[in-house]
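A structural walkthrough
In case you want the letters, here they are:
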Amino acid sequence: MSDSSERTLIAPAEMNRRTGRLLYWFVLCSTVLGFTLAFVFPLYWMAGGALKSSSELADPTPTLIPHTWHPESYSQAWANVGLSHYFLNTLLLAAGAWLTQLLVDVSAAYALSKLRPVLGNIVLGMMLATLMLPVSALLVPTYLTVTDVPVFGVNLINTPWAIWLPACANAFNIFILKRFFDQIPAELLDSARMDGAGPLRVLVSVVLPLSRPVLAVVSIFAVVGVWKDFLWPLLVLPDPARQPITVALNRLAEFMPANQLLAGMVMASIPLLVIFLIFQRHIIAGLTAGSLKG
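Here is a short report on the structure shown in this document.

How each quantity is defined
- Residues numbered from 1 in each chain as written.
- Predicted model: local features only at pLDDT ≥ 70, side-chain atom pairs only at ≥ 80, totals over all residues.
- Heavy atoms only, no water.
- Core = buried A, V, L, I, M, F, W, Y, C linked by side-chain atoms within 4.5 Å.
- Buried < 20%, exposed > 50% of the residue type's maximum accessible area, 1.4 Å probe, protein only.
- Helix = DSSP H or I, 4+ residues; strand = E, 2+ residues; numbered from the N terminus.
- Contact = heavy atoms within 4.5 Å.
- Expected span 1.5 Å × (residues − 1).
- Arc of directions from axis to C-beta.
- Phe/Tyr/Trp six-rings, centres within 6.5 Å; stacked < 30°, edge-to-face > 60°.
- Lys NZ or Arg CZ within 6 Å of the ring centre and 35° of its normal.

Time to look at the nonpolar core. Soluble globular proteins tend to bury their nonpolar side chains together. The biggest cluster of nonpolar side chains holds 36 residues, and the ones touching the most others in it are L83, I163, V236 and I245. Counting residues per element, the ones that place at least two in this core are helix 1 (18–50), helix 4 (83–115), helix 6 (135–147), helix 7 (161–168), helix 11 (212–228), helix 12 (231–236), helix 13 (245–252) and helix 14 (258–289). Residues in contact with V236, not counting those within four places in the same chain, are Y143, V146, I157, N158, A162 and I163. Judged by nonpolar contacts, the second largest core, of 22 residues, contains L124, L177, V206 and L215.

What follows is the structure, encoded as structure tokens:
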């Protein structure tokens, strides 16, 4: 006899009856459909709005299906405002942030997990404490830092480093990486050290090959975080030629027809949707891998 019982919304005895099974499937389908509509409908509204005429978008009575179809708004938005240039800017910023985050966060997590520095737990606690602060509270000190970098005295405004450096020290990513590194058996690392490998060689040859799932998660978070960011690039990249697509669309909104603006937003969102659809399993696997032992 089992000591634990499974509690569900519908009693197991009811599942043996026709009404119970119908109720179960009704609740399940309603829940799935509700969540699907909540997430998909905004995307449909944005993509469908780009296919409408500007006059139809301005009509106070909204329409679910366009009265007249204007797919050319996508090509016009791409050509008229030079979205390709802003896409390249965004790609450069995302790639640099991804590389700097991996270098800094992996090194910090490895040191905290395997090298066990003095006061390492206190340092980790201070890092995690920054997650309790709202982003708006960090804007002013971070902005003052990039305008006059301590020790070096360099102004990073209008340079990619104004995006890359604040992004590289990510407490959440460091915590995820450390949790994963903690699960790597110490025997593997000891064997590598007995063969003469130093801390760096152990990291590169042993730890990183075993950490591909969590590295994929951190990489996705790094790219998505920079790609969708708006406020920080708006502050540190005032030069229009250097701005990412999120800031550029906001700046060009007053000069673009409404349907072309929506088309630009759809095109800016497509890379993130593709990344999520392709790597959703890696995200779940990487986030849960550090919580399991065995």
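Having seen the structure, we can now continue with the description.
Moving on to helix 10 (residues 199–210). With twelve residues, helix 10 extends 16 Å between its outermost C-alpha atoms, agreeing within 8% with the 16 Å of an ideal straight helix rising 1.5 Å per residue. Of the positions making up helix 10, those classed as buried are V202, L203, V206 and V207. The arc that holds every buried residue of helix 10, seen down its axis, measures 125°, which confines them to one face. Turned more than 90 degrees from where helix 10 packs its buried face, L200 and R201 sit exposed. For helix 10, the secondary structure elements touched by its buried residues are helix 4, helix 8 (171–182) and helix 9 (186–194).

All told, the structure shown has six aromatic pairs when counted by the stated rule. For the pair F41 and W45, a centre-to-centre distance of 5.8 Å together with 35° between the ring planes defines the contact as tilted. Here the residue F41 and the residue W45 both occupy positions in helix 1, the gap between them amounting to four residues, near one helical turn. Aromatic pair W78 and F87: ring centres 5.4 Å apart, planes at 35°, arrangement tilted. Classification of F87 as buried rests on a relative accessible area of 13%. One aromatic cluster is present, built from ring pairs that chain together F41, Y44 and W45. When the ring centre of W45 is taken as origin, the NZ or CZ atom of K52, which lies over that ring, is 4.6 Å away.

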